[in-house]
Amino acid sequence: MRNYILLYVNGRRHKIFGERCFQSLSDFLRYDLGLVGTKVVCAEGDCGSCTVLVGRRINEELKFEGFDSCILYLYQLDCTHVITVEGLKQDKRIHPLQQAMVDAMGSQCGYCTPGFVMSMAAMLESREALTRLSVQDGLTGNLCRCTGYEQIIEAALALTKLRSASSGLQPASKSFSQKLMVAEFNRHASETVLCEYVQNWNGKTNKASVFVPCTIKEAIKFKQKNKNVTVVAGGTDISVQINKQYIEPKCTMSLANLKELDFIEVKNRKVKVGASVTWTKLRDFCQQHLPELSEIISIFASRQIRNSGTLAGNIANASPIADSLPFLHVIEAEIELRGNKGKRWININKFYHSYKKTEMRKSELITSIRWNLPDRTDILKLFKVSKRKDLDISTFTAGILLKLKHGKVKKARLAYGGVGPIVLRLPKTESFIEGKPVTKSVFQQAGSIASDEISPISDVRASSSYRTQLAENILIKFFHECCENYHDKKEAA
């Protein structure tokens, strides 16, 4: 067991001990290393000004993606290589994508500019085609307050010409030799990390510790021995709470090095997803196997958030407006919980007891999630209502899954989020729909029943009456989008 985090920044090696391990990456870059090109504005992962590239080991190479450094803590970055805007320079000159920003006049005050540049750098790392649509998607997590987005998009699109002109436009990671880093990461990654510090202030003593296990067995053992362990996977919610001083964890466990939880398996149309799988990886999988879920994933977070956050974290956070939960409820997903007494599977519809209260015991971890893929003739539709299309907290969510036969509903599953202390299945509405023909009047009546099954509150995002009306309207919308042109002949085909 070692007592430090190993981290490279712009090719330079750093060993981080004690209290320094508990810093956000953005603070470490700015205050410890003096790399002030990385700006911090929101400290919530919303604006993208603090975007950096982080390279993680995959098949003896480092794969680089864009991350919000303000909500990424150093204990999540063991055995990684971070590239900041200062690390883009080539032969002591600015990177061609930085020059493209200059040429397109893509910067006024310049505060958000490094973040935009690093998001473009992430697109170069993935070698994706740079179209207006892909650039807009790649920059969803970056906000500009004064320049205007058109010049910034023009700068990104100009990189296509540089590629075709063989101008030497290379991903930023190619400027650094990976071989020695990967070899050192391989040696260190098999070692468990425990970093601790004791702070004496104003007559009080505070002790904090962070544990980075290499195996599930070590993780469960640590959780069993320590009370009130804060488990961090992507940290996209917990880190915000830490930054805004809502919480101050004394005992933290990071799952960053638990590679055995990073998998997606498909066997006999049953999907199994490891707890460390990021939204980015899950979305890539869903584009082929579950396009409806892929579409929802694409609008509920930016790339920086999707590169960090996990499905298991969304489940464990137990929010009634978590975007994945209506899907998991209607698909009858099961959650694998592992603890000192072994493992058990819990249907997600029995997982939540009340607001933020779940079936999971203190000694247990979520290790995977599984579900059966819908039949090809099933109708699955997911809805998210929010004030903004992209990167916004949900006001209302819904999942609807229908099995149809001979023009009638054989099986119905409905789940609504944002209408109660937990995501709610609607058994009365389901029972009403089943056996009925696929007609508009049936779904209108079902909407009225659904509104009686929920208990929404008024908050900053919407009123109770608005959510109640949505409960009705969403079923009419579902009918028009998915069932209006349904015929037996189509089902038979």
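See the structure shown above.
Since this is a predicted model, take the numbers as computed values, not measurements.

About the criteria used
- Residues numbered from 1 in each chain as written.
- Predicted model: local features only at pLDDT ≥ 70, side-chain atom pairs only at ≥ 80, totals over all residues.
- Heavy atoms only, no water.
- Pairing = 2+ DSSP bridges.
- Helix = DSSP H or I, 4+ residues; strand = E, 2+ residues; numbered from the N terminus.
- 1 Å grid on protein atoms, 1.4 Å probe; cavity = no way out; pocket = protein on both sides within 12 Å on 5 of 7 lines; lining within 4 Å.
- Points joined across faces, edges and corners; volume = space filled by probe spheres on them.
- Nonpolar A, V, L, I, M, F, W, Y, C, P; charged D, E, K, R; others polar.
- Axes fitted to C-alpha atoms, helices over the stretch in contact; angles between N-to-C directions.
- Parallel < 35°, antiparallel > 145°, perpendicular 65-115°, else oblique.
- Left-handed = near helix turned anticlockwise from the far one by under 90°.
- Contact = heavy atoms within 4.5 Å.
- Buried < 20%, exposed > 50% of the residue type's maximum accessible area, 1.4 Å probe, protein only.
- Lys, Arg positive; Asp, Glu negative; His and termini not counted.
- Salt bridge = Lys/Arg side-chain N within 4 Å of Asp/Glu carboxyl O.
- Polar contact = N/O pair within 3.5 Å; in protein donor to acceptor, adjacent residues only side chain to side chain.
- Disulfide = S-S within 2.5 Å.
- Phe/Tyr/Trp six-rings, centres within 6.5 Å; stacked < 30°, edge-to-face > 60°.
- Lys NZ or Arg CZ within 6 Å of the ring centre and 35° of its normal.
- Expected span 1.5 Å × (residues − 1).
- Core = buried A, V, L, I, M, F, W, Y, C linked by side-chain atoms within 4.5 Å.

Time to look at the sheet that holds strand β17 (residues 379–385). Strands in a sheet are paired, the pairing made by backbone hydrogen bonds, and the direction either parallel or antiparallel. The four strands lie next to each other as β17-β18-β19-β20, forming an open sheet whose pairing is antiparallel. Every other strand in the sheet has two partners, leaving β17 and β20 (424–425) as the edge strands with one partner each. Relative to strand β18 (residues 396–405), β17 is paired through seven bridges, and the arrangement is antiparallel. Bridged to Val385 within β18 is Phe396.

Here the focus is the layout of surface pockets. The volume enclosed by the second largest pocket comes to roughly 710 Å³. Lining the second largest pocket are 28 residues, and of these Lys63, Phe64, Glu65, Ala122 and Ser126 sit closest to its centre. For the lining of the second largest pocket, the elements supplying multiple residues, two or more each, are β4 (61–68), α3 (113–126), α4 (132–138), α9 (279–289) and α11 (303–306). In terms of residue class, the lining of the second largest pocket is made up of six nonpolar, ten polar and twelve charged.

What follows is about the packing of helix α15 (residues 440–453) against helix α16 (residues 464–483). Contact geometry of α15 with α16 gives a least axis separation of 8 Å together with a crossing angle of 155 degrees. One finds that α15 runs roughly antiparallel with respect to α16. For α15 against α16, the interelement crossing comes out right-handed. Across the interface between the two elements, Lys440, Phe443, Gln444, Ala446, Gly447, Ser448, Ala450 and Ser451 from α15 touch Thr468, Ala471, Glu472, Leu475, Ile476, Phe478, Phe479, His480 and Cys483 from α16. Residue classes in the contact of α15 with α16 are distributed as nine nonpolar, six polar and two charged.

This brings us to the side chain of Arg413. Mapped onto the fold, Arg413 is located in strand β19 (residues 408–417). Here Arg413 sits buried without a salt bridge, and the closest side chain of opposite charge, Glu332, lies 4.2 Å off (N-O distance). There is a polar contact of 3.0 Å between the side chain of Arg413 and the backbone oxygen of Val330. The contacts of Arg413, once residues within four sequence positions are left out, are Val330, Ile331, Glu332, Gly399, Ile400, Leu401, Arg425 and Glu430.

Here strand β3 (residues 51–58) pairs with β4 via eight bridges, running antiparallel. Following the sheet pairing, Val54 is matched in β4 by Glu65. Once β3 ends, the chain turns through two residues before running back antiparallel as β4, passing Asn59 with a positive phi of about 55 degrees.

Turning our eyes to something else, we now look at the state of the cysteines. Here the structure, examined in full by the defined rule, presents zero disulfides. Here Cys195 is not disulfide-linked; the sulfur of Cys21 is the nearest cysteine sulfur, at 3.4 Å.

Right, let's talk about the sheet that holds strand β5 (residues 80–83) for a bit. The sheet built from five strands is open, its strands ordered β2-β1-β5-β3-β4 with mixed pairing. Single-partner strands in this sheet number two, and they are β2 (12–17) and β4. Strand-to-strand twist of the sheet, defined as the mean angle between neighbouring strand axes without regard to direction, takes the value 30 degrees. Bridge analysis of strand β1 (residues 4–9) against β5 gives three bridges, and the strand direction is parallel. Directly across from Val9, in β5, lies its bridge partner Val82. Set on the sheet, helix α1 (residues 25–32) makes contact with β1, β2, β3 and β5; between it and β1 the angle comes to about 70 degrees.

A separate point is the environment of Val36. The residue Val36 is located in the loop between α1 and β3 in this model. On the basis of relative accessibility, which here comes to 42%, the residue Val36 falls in the partly exposed class. Each C-alpha atom of the pair Val36 and Gln445 lies 59 Å from the other, and the pair is 409 residues apart in sequence. The residues touching Val36, leaving out its near neighbours within four places in the chain, are Arg30 and Glu86.

Turning our eyes to something else, we now look at the pattern of salt bridges. If you walk through the whole model with that rule in mind, you get 30 salt bridges. Across the pair Arg344 and Glu359 runs a salt bridge, and its minimum N-O distance is 3.0 Å. Residue Arg344 is located in strand β13 (residues 342–347), and its partner Glu359 is located in the loop between β15 (357–358) and β16 (365–372); the two are separated by 15 residues in the primary sequence. Among the residues examined, Arg344 registers a relative accessible area of 17% and is labelled buried. The closest approach of N and O atoms between Lys403 and Asp378, which form a salt bridge, is 2.8 Å. Taken together, the residues Lys403 in strand β18 and Asp378 in the loop between β16 and β17 connect sequence positions 25 residues apart. Here the salt bridges do not stand alone but share partners, grouping Glu292, Lys381, Lys477 and Glu481 into one network.

In this section: the packing of aromatic side chains. Taken as a whole, this structure holds 13 aromatic pairs when the rule is applied. The rings of Phe22, Tyr73, Tyr75 and Tyr197 are connected pair by pair, giving a single aromatic cluster. One cation-aromatic arrangement involves Arg370 over Trp345; the distance from NZ or CZ to the ring centre is 3.7 Å. Between the NZ or CZ atom of Lys436 and the centre of the ring of Phe432, over which it lies, the distance is 4.3 Å.

The next subject is the environment of Val41. When you line up the elements, Val41 lands in the loop between α1 and β3. Taking C-alpha positions, Val41 is 8.9 Å from Cys70, a pair spaced 29 residues apart along the chain.

Along an α-helix, a turn takes 3.6 residues, which lines up residues three or four apart on a common side. Over its 14 residues, α15 extends 20 Å from the first C-alpha to the last, a length consistent with the 20 Å expected when each residue adds 1.5 Å. Those residues of α15 that fall on the buried side of the exposure criterion are Val442, Phe443, Ala446, Gly447, Ala450, Ser451 and Glu453. Residues of α15 that are buried make contact with β18, β19, β20, α14 (427–433) and α16.

Let us now look at the nonpolar core. Ranked by internal contacts, the top residues of the largest apolar core, which has 89 residues, are Ile315, Leu328, Trp371, Leu402 and Tyr416. Ranked by the residues each element gives to this core, the list is headed by α16, at seven residues. Ignoring sequence-local partners within four residues, the contact set of Tyr416 consists of Phe396, Thr397, Ala398, Val423, Leu424, Leu426, Ala450, Ile454, Ala471, Ile474 and Leu475. Residues Cys79, Ala121, Leu169 and Met181 belong to the second largest nonpolar core, which totals 39 residues.

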